[in-house]
Each structure stands twice: as C-alpha cells, then as structure tokens.
Amino acid sequence: MQLVILAGGKGTRLGLTDIPKPMCPIAGKPLLERQIELAAAYGISEIFLLEGHLAHVISDYFGDGSKWGVKIHHITEDKPLGTAGALSMIKDRLKSRFMVFYGDVVMDFDIAAMQAFDAKHQGIGSLLVHPNNHPYDSDLLEVKNGRVAAIYPKPHEEGHSYHNLVNAAVYIFSPEVFRYLEPGVPQDFGKDVFPRILAGAGELYAYKSAEYIKDMGTKDRLPKICADVESGKVSLLNRKNPRPAVFLDRDGVLIKDMDKNPVAANFEMLPGAAEAVKKINESSMLAIVATNQPMIAKGFVSFEAVDEVHKLMETRLGAAGAYVDDIYMCPHHPERGFEGEIPELKIECDCRKPKPGMLLRAAADYHVDLSKSWMIGDRESDMLAGKNAGCRTVLVGQTIGSSEFADFRFKNLVEAVDFILENRK
Ligand SMILES: [Zn+2]
C-alpha cells in the first residue's frame, strides 16, 4: 500500500522557525522519521511526502528514502492547499487503495489491523477514530454500524449530548476519493471532503482504535508527548501488544440505576465516577463498559433511548476529561411470553452477563489481556461474567452480603479503581 504524508505544516504554535513542523524532534528524532519507520515496519515501501514550508529541510534529510528501506517521493505545493487540496497533485500516481498520515501526529498503531478492516469494508475510505479527553472542543463523528453517518464540527451547542468519537486523522482511501476533490482549490478533509462524500451517499467507515495517536498541538503539550514516547507508552499501546482492561458495569457503578425506566430524563452520574474513569485512562488500561439492557427486549425502552443515555454519559465524562474506550451492550432477555416484548431479542444469547460474551468480544476487538483485566460491578452476574472471562472481580455498591465470585469489595468505583491501580504497581 502506498502512503501519503501531509508534511506542509509550519509549526508556528510550536515556536519552530528554521524547520517545518513534521521535522520537530520528538525525544531526539524528527516526528516524520518516526512515522516513516512505523510505515516501513508494516511493509509500506513507497511514500509520497507532500511538502510546502521549508521543503528543502525534509528532502535534504530523507533523500530517496533508501536509508529507511523505502522509496520516497518529494512533492512540493506552491501555495497551501489544505489537507486535501495537495493530494490532487499526485492523483495519477495513486492507483489502488492508499494511506494518509498527517505529518504532525505522534502515533504508533497496528497498520495491518486497520488495513484488514478497510479491506473488509471497501468504502471510499476508512477513518481511524477514537474517543479523546476533550470531545467538547473536537469535531465529532456519528457512527452507525461501523459507517460514518454524520460529522459535527466544533463548537457544539450547549446542552447537546454526543458520542465521544473523534477523527484521529489517519485514513485509507480508494482512488475514488478523487471524485470528491477539486484540483487546485484549498480544501480540508474534515471540513470539505468528508461532508461532500456523505452528502453524495458515499461510504466512509470508522475504524475504532485505542492506540496512541495525538497531534503535537501546542508548545505546552509537547513535553508530555515526548515523555510518552521516551517512557515507551506510545509503542506499548500499539494493538499488537495485549493490554489489560477495566470492564465496567454501567448501572449502579458509573451511573445511577434507573430501574424500569432507563431513559435520558432519569440519567444521573454517580459521584466520583468521571474522576475514576479518568484515572483508568491515564493508567493506559482500557476502560470498557459492559451492560445488560434487558428492558430493550422487554419492550420498555428502545435502542435509541438507550443510545441517548450513552451519549449523555459520554458527554458528561468528556466534560470531566474522561472517556470510555467502548460500550458493549446486551439487549437480550431469555424468557418469552410477555406483552410488548420484542420476540427476536428474547433469546438465549451469549452476551447477557453472567455470560462473558461482551468481555470476550471486547478482548478480540482491542486485544485485551483478560488475565490482567478486571470486572467492576454491583451484582453477582457481573462477578460471574468477570470470572467466566478469566478476569479478577471487584464488587461495589450497596449490595447486601457478598458474592462468592467477588475477589474484592469496595464501597464505590472510586475506591475500586484506586485499589486496582495501586495493585498494578
Ligand atoms: Zn445478549
């Protein structure tokens, strides 16, 4: 697969004067070199660098790329054309599906896994997406069944709730994408091209990743990012490495149990829950929700209403700088014969806790190391699901008595997470 790196950035916000942004040293090595090494490690052998500001610094450093075992082409834009505009210059040289990086993003991710996702869907493009810790000032995506359904550019209306899914600026495109580009005109993928594709009913797919992919941003953010590279955190979070997760039950753990009416109007975060999730985020463990919602099968609440609750939860978490990496939900219930029920959901499924289906699916999706993972819940079924998946378990909340399947017991999520993170050290 060919790779295009958009390397025209100036780096004004980073205070760079004599080198372009992609040449900014990150722990002693230019960011662009780190990206090229990553691509080469996944067998990418032909790279187009779209350069602008101080282009000669880049071409002098990389030459034809042979030192890195790749073939590099240097393309210079005469005037800034935005993220997408410059791509048209090499339209005739991109014959099959190709990948795009932005030259100001610090990343380490399993390129092969994203390529496999893209090959399965074969849309006009696949976008790598993830939750972040500042969704309130990020452009957000609405994704339905893996497909990008809408793009909501910032700023977001006060009181609007949303899923925390952000475009991480890593793409794979079919050459068909050129039908949506206007040659020679400054334009941007997020603002111009993707809305155009969606308006034309073109298919964009969202590849969810929990790996480390962050733009360098401003001068203040840079030392933290450099420290993450140096400590090995950036490469450790590559999906090829198994990663521990904290699985979280939803009702009674993160949010108030809404009993028979689990709708947005009754939504309430539990005290301290957002801070606890934020600590999980900072620990490099995954935070993954696994929730039974049998009220859907029983016909008391719709999929849409449950989705509204999840949007609210993600928005509130986001406001506190926290996020869950994913939410897995079982809408099923086994006993048939009630009025108003949805027959096709009244099944003996493999995901309803105490069965471990949701945890096992998450483990496959995110390459979770279950033996180093935890399940936190307020019911026996949570403890059993955790045990059935091979995890350790923590029972929280006001449940009277104990579950013999709980390894530990704490009053609430805050104490449970503190214990897990302490134990991890
Ligand atoms: Zn189920």
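In this text, all values refer to a predicted model and were calculated from it rather than measured experimentally.

Some details on the coordination of the zinc ion
Ideal donor angles around a metal are set by the shape: a four-donor tetrahedron calls for 109.5 degrees, a six-donor octahedron for 90 or 180 degrees. Taken together, the protein ligands of the zinc ion are Cys330 (SG), His332 (ND1), Cys349 (SG) and Cys351 (SG), with distances of 2.0 to 2.3 Å. Classification of the site at the zinc ion as tetrahedral follows from its four donor atoms and the range of 100 to 118° in their angles at the metal. Sequence positions of the donors to the zinc ion reduce to the motif C-x1-H-x16-C-x1-C. Here Cys330 is found in strand S16 (residues 326-330), whereas its partner Cys349 is found in the loop between S16 and helix H11 (357-366), with 19 residues between them in sequence.

Things to note about helix H12 (residues 380-388)
All buried positions along H12 are accounted for by Asp382, Met383, Ala385 and Gly386. One side of H12 holds all its buried residues, which, seen down the axis, span an arc of 160°. Taken together, the buried residues of H12 touch H11, strand S17 (374-377) and strand S18 (392-396). Of the residues trailing H12, Gly390 is marked for its positive phi of about 85°.

Side note on the pattern of salt bridges
In the structure shown here, the tally under the stated rule is 22 salt bridges. Among the charged side chains, a salt-bridge network with shared partners connects Glu142, Lys144, Glu308 and Lys311.

Things to note about the environment of Ile296
On the secondary structure map, Ile296 appears in helix H9 (residues 294-297). For Ile296, a relative accessible area of 0% corresponds to the buried category. In this structure, the C-alpha to C-alpha distance between Ile296 and Ile342, residues 46 residues apart in sequence, is 7.7 Å. If we ignore the near neighbours within four places in the chain, the residues touching Ile296 are Val301, Ser302, Phe303, Val306, Met329, Pro331, Ile342 and Leu345.

Conventions adopted
- Residues numbered from 1 in each chain as written.
- Predicted model: local features only at pLDDT ≥ 70, side-chain atom pairs only at ≥ 80, totals over all residues.
- Heavy atoms only, no water.
- Donors = N, O, S within 2.8 Å, 3.2 Å for Na, K, Ca; no water.
- Tetrahedral: all angles 85-135°; square planar, octahedral: opposite > 155°, others 65-115°.
- Helix = DSSP H or I, 4+ residues; strand = E, 2+ residues; numbered from the N terminus.
- Buried < 20%, exposed > 50% of the residue type's maximum accessible area, 1.4 Å probe, protein only.
- Arc of directions from axis to C-beta.
- Contact = heavy atoms within 4.5 Å.
- Salt bridge = Lys/Arg side-chain N within 4 Å of Asp/Glu carboxyl O.

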